[in-house]
Amino acid sequence: SLMPTAAFHAAKKASQPLNVAYNYGNHALYISNETLKTQEGLKVNVKAFDMNSQEVFSKSIPVAAPANQSNKILDLPAIKSSTPVYFLSIKLEKENKTIFDNFYWLTSKHDVLNHEKAEWFYTPIKEYADFSSLQKLAPVSMKTIYSFKPLDEKRTGVSVKLHNPSNKIAFFIDVKVTGKKSGNSILPIFWDDNYFSLLPGETKTVNGYFFNRDTNGETPAFSFSAWNVK
């Protein structure tokens, strides 16, 4: 369908050569460096928030990333959250600049596997993880500034600055470009990031481009949606 979905952007983020990821199996954080050059002078900032966007855990870790290796950097302690679902924000910095970020939503009620009825290709689940409380996230308002600019004869670029002025997390933001009259998405579109979340007070700029031929003669318009944005 030419639509880059959340799965596409998650795979893109997971495939970045320098990465910090949460391991669901042992609740640890790992830094991976798939390049052939050791990366030094790095810092990982980890924060956890409950459903009310209250910070319940914070840690800053100076790290190095040896070439072509993956190494554990933190065993995440049990998060003392007053809500069943909590959020984990991971930012990798170098020279006080964020060069990579990752964001997870986690639950205190995990999947329970039915090992007794497992087949070699499949293990059924007795009880499913519970993320239903995400429906109760407090709504937030966002501020956006965007612009369109010709990149060449065939392409138009779009730059969007999004700001979350509230004291709540803006969850799972989806930016898009549509035809101004029809409201149909202009596809394909190539964003450097999408389906992201913004912490309280956080600002993020994303850039993308599309081919002029795919506008079908319509004027492009920017829009966005999110799980809990008004």
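Read on for an overview of the structure.

Parameters at a glance
Residues numbered from 1 in each chain as written. Predicted model: local features only at pLDDT ≥ 70, side-chain atom pairs only at ≥ 80, totals over all residues. Heavy atoms only, no water. Pairing = 2+ DSSP bridges. Helix = DSSP H or I, 4+ residues; strand = E, 2+ residues; numbered from the N terminus. Salt bridge = Lys/Arg side-chain N within 4 Å of Asp/Glu carboxyl O. Buried < 20%, exposed > 50% of the residue type's maximum accessible area, 1.4 Å probe, protein only. Patch = residues over 30% accessible without salt bridge, like charges linked within 9 Å, V, L, I, M, F, W, Y side chains within 5 Å. Areas by Shrake-Rupley, 256 points an atom, 1.4 Å probe, with all protein chains shown as cover. Axes fitted to C-alpha atoms, helices over the stretch in contact; angles between N-to-C directions. Phe/Tyr/Trp six-rings, centres within 6.5 Å; stacked < 30°, edge-to-face > 60°. Lys NZ or Arg CZ within 6 Å of the ring centre and 35° of its normal. Core = buried A, V, L, I, M, F, W, Y, C linked by side-chain atoms within 4.5 Å. Contact = heavy atoms within 4.5 Å. 1 Å grid on protein atoms, 1.4 Å probe; cavity = no way out; pocket = protein on both sides within 12 Å on 5 of 7 lines; lining within 4 Å. Points joined across faces, edges and corners; volume = space filled by probe spheres on them. Nonpolar A, V, L, I, M, F, W, Y, C, P; charged D, E, K, R; others polar.

### Points about the pairing of strand β3 (residues 39-50)
Logical step 1: Pairing analysis gives 9 bridges linking β3 to strand β4 (residues 55-65), with the strands arranged antiparallel. Along β4, the bridge assignment pairs Val46 with Lys59.
Logical step 2: Linking two consecutive strands that pair antiparallel, namely β3 and β4, is a turn of 4 residues; a positive phi of about 65° is found at Ser53 within it.
Logical step 3: In the sheet, β3 pairs with strand β6 (residues 85-94) via 9 bridges, with the strands oriented antiparallel. Note on β6: the bridge partner recorded for Lys47 is Ser89.

### A short note on the pattern of salt bridges
Logical step 1: Per the stated rule, a full pass over the model turns up 12 salt bridges.
Logical step 2: For Glu93, the salt bridge identified is with Lys43, shortest N-O distance 3.9 Å. Taken together, the positions of Glu93 in strand β6 and Lys43 in strand β3 put the pair 50 residues apart, joining distant regions of the chain.
Logical step 3: Glu93 gets classed as buried once you look at its relative accessible area, which sits at 15%.
Logical step 4: Each of Lys13, Asp101, Asp193 and Lys204 takes part in one network of salt bridges that share partners.

### Topic: a nonpolar patch on the surface
Logical step 1: A cluster of nonpolar side chains, Trp120, Phe121 and Tyr122, forms an exposed patch at the surface whose accessible area comes to about 490 Å².
Logical step 2: Along the chain, Tyr122 falls in the loop between β8 (112-113) and β9 (125-127).

### Re the sheet that holds strand β13 (residues 189-191)
Logical step 1: The strand order across the open sheet built from 4 strands is β10-β11-β15-β13, with neighbouring strands paired in antiparallel fashion. Both edges of this open sheet fall to β10 (143-150) and β13, since each of them pairs with a single strand only. If you compare each strand with its neighbour and ignore which way they point, the axes differ by 20° on average.
Logical step 2: Pairing of β10 with strand β11 (residues 155-163) involves 8 bridges; the strand directions are antiparallel. Directly across from Tyr146, in β11, lies its bridge partner Val160.

### Some words on the packing of aromatic side chains
Logical step 1: Counted under the stated rule, the structure contains 18 aromatic pairs.
Logical step 2: On the numbers, 5.4 Å between centres and 75° between planes, the contact of Trp120 with Phe121 is edge-to-face. Side by side, Trp120 and Phe121 carry an identical accessibility label, which is exposed.
Logical step 3: The ring of Tyr209 has Arg155 sitting right over it, with the charged end atom 4.8 Å from the ring centre.
Logical step 4: The ring of Phe196 carries Lys204 above its face, with NZ or CZ at 5.3 Å from the centroid.

### Comments concerning the nonpolar core
Logical step 1: Residues Val46 and Leu88 are the most contacted members of the largest nonpolar core, which totals 24 residues.
Logical step 2: Secondary structure elements with two or more residues in this core: β1 (18-23), β2 (28-33), β3, β4, β5 (69-75), β6 and β7 (97-107).
Logical step 3: Beyond its immediate sequence surroundings of up to four residues, Val46 is in contact with Leu29, Phe57, Ser58, Lys59, Ile61, Leu74, Leu76, Leu88 and Ser89.
Logical step 4: Counting residues in each nonpolar core, the second largest holds 18 residues, with Ala170, Ile173, Leu198 and Phe210 among its members.

### Some remarks on the sheet that holds β5
Logical step 1: Spatially, the 3 strands line up as an open sheet ordered β1-β2-β5, and their pairing is antiparallel. Strands at the two margins of the open sheet, each flanked by one partner only, are β1 and β5. Averaged over all neighbouring strand pairs, the angle between strand axes comes to 25°, with direction disregarded.
Logical step 2: Pairing of β1 with β2, which is carried by 6 bridges, proceeds in the antiparallel orientation. Across the sheet, the residue bridging to Asn19 is Ser32, located in β2.

### Brief notes about the layout of surface pockets
Logical step 1: Reported here for the largest pocket is a volume of approximately 860 Å³.
Logical step 2: Residue lining of the largest pocket: 34 residues in total, with Lys13, Asp101, Asn102, Phe103 and Asp193 positioned closest to the centre.
Logical step 3: Contributing elements (two or more residues each) for the lining of the largest pocket: α1 (6-14), β1, β6, β7, β14 (196-198) and β15 (203-211).
Logical step 4: Residues that form the lining of the largest pocket fall into these classes: 16 nonpolar, 9 polar and 9 charged.
Logical step 5: What the second largest pocket holds in volume is close to 160 Å³.
Logical step 6: As for the second largest pocket, its lining consists of Tyr22, His27, Leu76, Pro77, Ala78, Ile79, Ser81, Thr83, Tyr86, Thr107, Ser108 and His110.

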